[in-house]
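Okay, here's what each chain looks like letter by letter:
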Amino acid sequence: MTEHSPETLAQPTAAFEELDVDAPVVGILMGSKSDMPAMERAEQELADRSIRSEVRVMSAHREPDKVADYARNARLRGIKVIIAGAGLSAALPGVVAAHTDLPVIGVPLTSRTSVAGGLDALLSIAQMPPGVPVACVGVDNARNAAVLAARILEI
Ligand code: RP5
């Protein structure tokens, strides 16, 4: 019979206690607070499917270190898919994909000074170089990003 000291028994118990069953599996990012109305549709679609998500505002251009930290830590925190919406020169999804190998879904957004109805953001997200993929949904179509995330998760 194997003998267990109180110390060895305590280790698995402590590890189990650290598991957070409510931890989000999808990260929803956006470059500005002004993107929130469009991106809330992704959060709603995921909630309707009982998929846990978290919402964060961070700009690839204005807060590059914050974006890199989030992307690098996402997998360890239990995130499985990242949805990133941005307008104008929409670098956020690509920068996130540069710092993680999790699937990243980009949402090109229109904003007050968009060019050609969001074509600027659409091309910024879709035209990633080979080896650093970002999935791209339609302009302002955050709901489709959530549906695609659900399919990736097979939920
Ligand atoms: C992008 O610039 C954001 O994603 C947003 O769509 C756009 C405008 O941002 P604000 O000027 O409203 O902060 O970075």
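No experiment lies behind these values; they were computed from the predicted model shown.

**Student:** Help me understand the overall build of the chain, please; the structure alone is not making it clear to me.
**Tutor:** Within the chain, the regular secondary structure consists of six helices and five strands. The order of helices and strands in the chain, counted from the N terminus, is α-β-α-β-α-β-α-β-α-β-α. A total of 155 residues make up the chain; the buried ones form 39% of that total. Considering only contacts within the chain whose residues lie at least 6 apart along the sequence, 68% involve residues at least 24 apart. Within the structure as shown, the chain displays about 9000 Å² of accessible surface, and the carbon and sulfur contribution to it stands at 54%.

**Student:** It is not clear to me how the site of the ligand should be interpreted in this structure. Could you clarify?
**Tutor:** As a matter of local geometry, the ligand sits amid G31, S32, S34, D35, R62, A86, G87, L88 and S111. S34 places a polar side-chain atom, nitrogen or oxygen, 2.6 Å from an oxygen atom of the ligand. With respect to the ligand, the side chain of D35 contributes an N or O atom lying 2.6 Å from an oxygen atom. Burial of the ligand by the protein chains amounts to 75% of its free accessible area of 360 Å². For the shell around the ligand, the residue count by class is two nonpolar, five polar and two charged.

**Student:** It is not clear to me how the packing of helix α3 (residues 64-74) against helix α4 (residues 92-99) should be interpreted in this structure. Could you clarify?
**Tutor:** Axes are the key here: two packed helices are described by the angle between their axes and the distance separating the axes. In contact at an axis separation of 8 Å, α3 and α4 are set at 50° when each is read in the N-to-C sense. Comparing their axes, α4 and α3 come out oblique. For α3 against α4, the interelement crossing comes out right-handed. Along its contact with α3, which presents V67, A68, A71 and R72, the element α4 presents L92, V95, V96 and H99. Tallied by class, residues from the contact of α3 with α4 come to six nonpolar, one polar and one charged.

**Student:** What is the right way to look at the nonpolar core in this model?
**Tutor:** Note that soluble globular proteins tend to have their nonpolar side chains buried in a common cluster. Core analysis: the biggest nonpolar cluster contains 21 residues, and V26, M39, L46, I83 and V107 have the highest contact counts within it. Those elements giving two or more residues to this core turn out to be β1 (26-30), α2 (36-48), β3 (81-87), β4 (104-109) and α6 (142-153). Among the elements that line this core, the one with the most residues is α6, at six residues. Ignoring any residue separated from it by four or fewer positions in sequence, one finds M39 in contact with I28, L29, M30, I83, A84, G85, V107, L109 and A142. Within the second largest apolar cluster, 20 residues are counted, among which are L29, A71, V104 and A121.

**Student:** Honestly, the environment of R62 in this entry has me stumped. Any pointers?
**Tutor:** The topology assignment puts R62 in the loop between β2 (53-57) and α3. Given a relative accessible area of 68%, R62 falls into the exposed group. Spatially, the C-alpha atom of R62 lies 9.8 Å from that of S32, the residues being 30 residues apart in sequence. Beyond its immediate chain neighbours, meaning those up to four positions away, R62 contacts G31 and S32.

**Student:** Explain the sheet that holds β2 to me, please; I cannot follow it from the model alone.
**Tutor:** Two orientations exist for strands paired in a sheet by backbone hydrogen bonds: parallel and antiparallel. In space, the five strands of this open sheet follow the order β2-β1-β3-β4-β5, with parallel pairing throughout. Because the sheet does not close on itself, it has two edges, and the strands there are β2 and β5 (135-136). Across six bridges, the pairing between β3 and β4 is parallel. From the neighbouring strand, A84 faces β4, where its bridge partner is G106. In the packing of α4 onto the sheet, the strands contacted are β1, β3 and β4, and the crossing angle to β3 comes to about 145°. Contacts from helix α5 (residues 119-126) reach β3, β4 and β5 within the one sheet, and its direction differs from that of β4 by about 165°.

Reading the values: the criteria
- Residues numbered from 1 in each chain as written.
- Predicted model: local features only at pLDDT ≥ 70, side-chain atom pairs only at ≥ 80, totals over all residues.
- Heavy atoms only, no water.
- Helix = DSSP H or I, 4+ residues; strand = E, 2+ residues; numbered from the N terminus.
- Buried < 20%, exposed > 50% of the residue type's maximum accessible area, 1.4 Å probe, protein only.
- Contact = heavy atoms within 4.5 Å.
- Areas by Shrake-Rupley, 256 points an atom, 1.4 Å probe, with all protein chains shown as cover.
- Near = heavy atom within 4 Å.
- Polar contact = N/O pair within 3.5 Å; in protein donor to acceptor, adjacent residues only side chain to side chain.
- Nonpolar A, V, L, I, M, F, W, Y, C, P; charged D, E, K, R; others polar.
- Axes fitted to C-alpha atoms, helices over the stretch in contact; angles between N-to-C directions.
- Parallel < 35°, antiparallel > 145°, perpendicular 65-115°, else oblique.
- Left-handed = near helix turned anticlockwise from the far one by under 90°.
- Core = buried A, V, L, I, M, F, W, Y, C linked by side-chain atoms within 4.5 Å.
- Pairing = 2+ DSSP bridges.

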